[in-house]
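# Observations on the model geometry
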Amino acid sequence: MKLTKMSLVAALLMGSSAFALDNIKVSGDANLYYQTTDGASGYDAVKGRTDGDLFSKDSSAADASLNLNITADVLANDLVSVSAGAGYTVLTTLGLENNFVSNVWGGSHTANAGTGAQYGSALGGAKVENASWMNEAWIAATTGKTTAKLGRMALDTPLAFTETWSAEQNTFEAAVLINQDIPDTTLVGAYVGNGNGTENFGQNAHSNVQALGLASAPVVNGNGDFTTYGTNGAYAVGVINNSYAPLTAQAWYYDVVSLATAYWLQADLDASSLGVEGLTLGAQYCGMDAAGSNTKTSNVYAVKAGYAMKDMFAASVAYSATNDDGTLGHAGFNTATNAATAKSKLYTEAWWNYGYVTQRDTQAYNVTVTSAVNGMFDLGVYYTYADQAKATGPRDVTEFTVTAGKSFGPLDLTAAFINADYGKVADATNTVQVYATVNF
């Protein structure tokens, strides 16, 4: 069996015809993202941070990305089936920087600082380079109800996941084992060795675009570089159970070697089974412990209630709270990206301003309403309030977002307006974003 595996890998790498490729699927998307804000637009050597105006060049950012993916069945018999996949990403400014906009969207670009007065904007002379990298390259084998996947891949777990909201997406180099022999139960075990997200668990974000302040939404290291996840990799185990059909319960444990351990508990109930059609309820709890002695757990809990009327609207309200003395200072954040601005899977997470609801001693509220307006377009209204008792200030952070989207066959268009108030620490900002995606 060992020799067979070695031959299979060699066949994939060398393009050998020893194994037939079946069910080949090619997919991907092309994206154009644009943002403009009346918030801070750059850094002036004399004035410090400078404010901009909506639609002005220095307070706007844009990027285009192309993602191409291919999967294929490599081997199939009564004992085992083997598949493989690969993906490639290109992130480009299309030459818009220093012309139409002065900032970029993604952090995987690299740039030269230039010699102008405004070192924090491309207007100061920074030359932004395009970035490209292989985001996926994996092989998977399935026997019975067990699947093993090895290589570079996207992950979706509560505390380590691929960010899908940006023009760039982080991925991992990992080994994952999934088993479903127990009825209505999925068992997951994983080792994550490397990642190309902007982790700050013992490492720096490898992109000087972020250091220059050019990137509006950095998720990936410069040039997509993969570096050690944490300092010595991480282990994760999870169990997802659906024995009682209306209830999905999951539990996860993580060990980021030499840095931290964490656990995540979650239960989501379709309360229609209780006689209330369209009602959903959910609860989450997360604890995170820094390595070493005399440390205190950073924890957060969240609850949510939702109601949906078919073909009309869906609405939810959520509440979360973090403790006030955790050593890490955050709880429930995506450990694959920068803890200070990382998105979380908490019910209360903001639509755009990530990283606030997970900070120490914070109570947060979220109200979300979505609706298909007369079948013409999809409307979303999102409100998040985070009361940060121990944040610098202290401060209350409020975000109000309205989105409108419409699909035209493979073309998806979305526009968003975001109003954010940062309390006493910074002025309120207004942001307009436009997303255009072609799926193929």
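So, here is what we can say about the structure in this document. (Residues numbered from 1 in each chain as written. Predicted model: local features only at pLDDT ≥ 70, side-chain atom pairs only at ≥ 80, totals over all residues. Heavy atoms only, no water.)

## Some remarks on the overall build of the protein
In terms of regular secondary structure, the protein is built from 2 helices and 24 strands. For the protein, the proportion of its 440 residues judged to be buried stands at 45%. Counted over contacts in the protein with a minimum sequence separation of 6, partners at least 24 positions apart contribute 59%. Total accessible area on the protein stands at roughly 20500 Å², and carbon and sulfur atoms take up 59% of it. (Helix = DSSP H or I, 4+ residues; strand = E, 2+ residues; numbered from the N terminus. Buried < 20%, exposed > 50% of the residue type's maximum accessible area, 1.4 Å probe, protein only. Contact = heavy atoms within 4.5 Å. Areas by Shrake-Rupley, 256 points an atom, 1.4 Å probe, with all protein chains shown as cover.)

## Some thoughts on the pairing of strand β5 (residues 81-92)
Pairing of strand β4 (residues 60-76) with β5, which is carried by 12 bridges, proceeds in the antiparallel orientation. Opposite T71, over in β5, you have G85 as the bridge partner. In textbook terms, the turn of a hairpin is the stretch between consecutive antiparallel strands, and for β4 and β5 this stretch comprises 4 residues. Both β5 and strand β9 (residues 131-143) contribute to a ladder of 11 bridges, which runs antiparallel. Within β9, the residue paired with V82 across the bridge is A141. (Pairing = 2+ DSSP bridges.)

## Regarding the pairing of strand β15 (residues 247-256)
Across 8 bridges, the pairing between strand β14 (residues 234-241) and β15 is antiparallel. For A234, the partnering residue across the bridge sits in β15 and is V256. Turn length for the β14-β15 hairpin, with the two strands adjacent in sequence and antiparallel, is 5 residues. Note: β15 against strand β16 (residues 260-270), 10 bridges, orientation antiparallel. Across the sheet, the residue bridging to L247 is L269, located in β16.

## With respect to the nonpolar core
Core analysis: the biggest nonpolar cluster contains 39 residues, and L155, V176, Y229 and Y254 have the highest contact counts within it. Elements represented by at least two residues in this core include exactly β9, β11 (172-179), β12 (185-195), β14, β15, β16, β17 (279-290) and β18 (298-309). Once you skip the residues sitting within four places of it in the chain, Y254 turns out to touch T157, P158, L159, A160, Y235, A236, A260, T261 and A262. (Core = buried A, V, L, I, M, F, W, Y, C linked by side-chain atoms within 4.5 Å.)

## Remarks on unusual backbone geometry
The backbone of N294 shows a phi angle near 60°, a positive value even though the residue is not glycine. Tracing the backbone through its elements, the reader meets N294 in the loop between β17 and β18. For D361, which is not glycine, the phi dihedral falls at a positive 55°. Along the chain, D361 turns up in the loop between β19 (313-322) and β20 (362-373).

## Some thoughts on the environment of T335
Note on placement: T335 falls in the loop between β19 and β20. In this structure T335 comes out as buried when scored by relative accessible area, which is 6%. Only 2.7 Å separates the side chain of T335 from the backbone oxygen of L159, close enough to count as a polar contact. Polar contacts involving the side chain of T335 include one to the side chain of Y229, which spans 2.3 Å. (Polar contact = N/O pair within 3.5 Å; in protein donor to acceptor, adjacent residues only side chain to side chain.)

## Things to note about the layout of surface pockets
Approximately 900 Å³ is the volume found for the second largest pocket. In terms of lining, the second largest pocket is formed by 38 residues, of which the most central are T164, W165, K343, W351 and Y354. Those elements that place two or more of their residues in the lining of the second largest pocket are β1 (22-37), β4, β20, β23 (411-421) and β24 (429-439). Here the lining of the second largest pocket is built from residues that sort into 15 nonpolar, 15 polar and 8 charged. (1 Å grid on protein atoms, 1.4 Å probe; cavity = no way out; pocket = protein on both sides within 12 Å on 5 of 7 lines; lining within 4 Å. Points joined across faces, edges and corners; volume = space filled by probe spheres on them. Nonpolar A, V, L, I, M, F, W, Y, C, P; charged D, E, K, R; others polar.)

## Digging into a nonpolar patch on the surface
On the surface, a nonpolar cluster with roughly 730 Å² of combined accessible area is contributed by Y307, M309, M312, F313, V317, V367, V369, Y383 and F400. Counting residues per element, the ones that place at least two in the nonpolar patch are β18, β19 and β20. Tracing the backbone shows M309 in strand β18. Given a relative accessible area of 39%, M309 falls into the partly exposed group. (Patch = residues over 30% accessible without salt bridge, like charges linked within 9 Å, V, L, I, M, F, W, Y side chains within 5 Å. Salt bridge = Lys/Arg side-chain N within 4 Å of Asp/Glu carboxyl O.)

## What about the side chain of T403?
Along the polypeptide, T403 turns up in strand β22 (residues 395-408). Judged by its relative accessible area of 8%, T403 is buried. When near neighbours in sequence (up to four residues on either side) are disregarded, T403 contacts W351, D378, L379, G380, Y382, A415 and A416.

## Looking at the packing of aromatic side chains
For the coordinates displayed, the defined rule picks out 19 aromatic pairs. Geometrically, the ring pair formed by Y33 and W105 is edge-to-face, given 5.1 Å between the ring centres and 75° between the ring planes. In this pair, Y33 sits in strand β1 while W105 sits in the loop between β6 (103-104) and β7 (110-112), placing the two residues 72 residues apart along the sequence. Given a relative accessible area of 7%, Y33 falls into the buried group. The exposure class of W105 is buried, given its relative accessible area of 0%. Taken together, a centroid distance of 6.5 Å and an interplanar angle of 50° make the contact between W352 and Y354 tilted. One Lys or Arg, K345, reaches over the ring of F161 and ends 4.4 Å from the middle of that ring. (Phe/Tyr/Trp six-rings, centres within 6.5 Å; stacked < 30°, edge-to-face > 60°. Lys NZ or Arg CZ within 6 Å of the ring centre and 35° of its normal.)

## Some thoughts on the pattern of salt bridges
Scanning the model with the defined rule gives 3 salt bridges in all. A salt bridge links R152 to E173; its shortest N-O distance comes to 2.4 Å. With a gap of 21 residues between them, R152 in strand β10 (residues 146-153) and E173 in strand β11 connect regions that are remote in the sequence. Salt-bridge contacts for K296 lead to D325; the nearest nitrogen and oxygen are separated by 3.9 Å. With K296 in the loop between β17 and β18 and D325 in the loop between β19 and β20, this residue pair connects regions lying 29 residues apart in the sequence. Relative accessible area serves as the criterion here: at 47%, K296 is assigned to the partly exposed category. Owing to a relative accessible area of 38%, D325 belongs among the partly exposed residues under this scheme.

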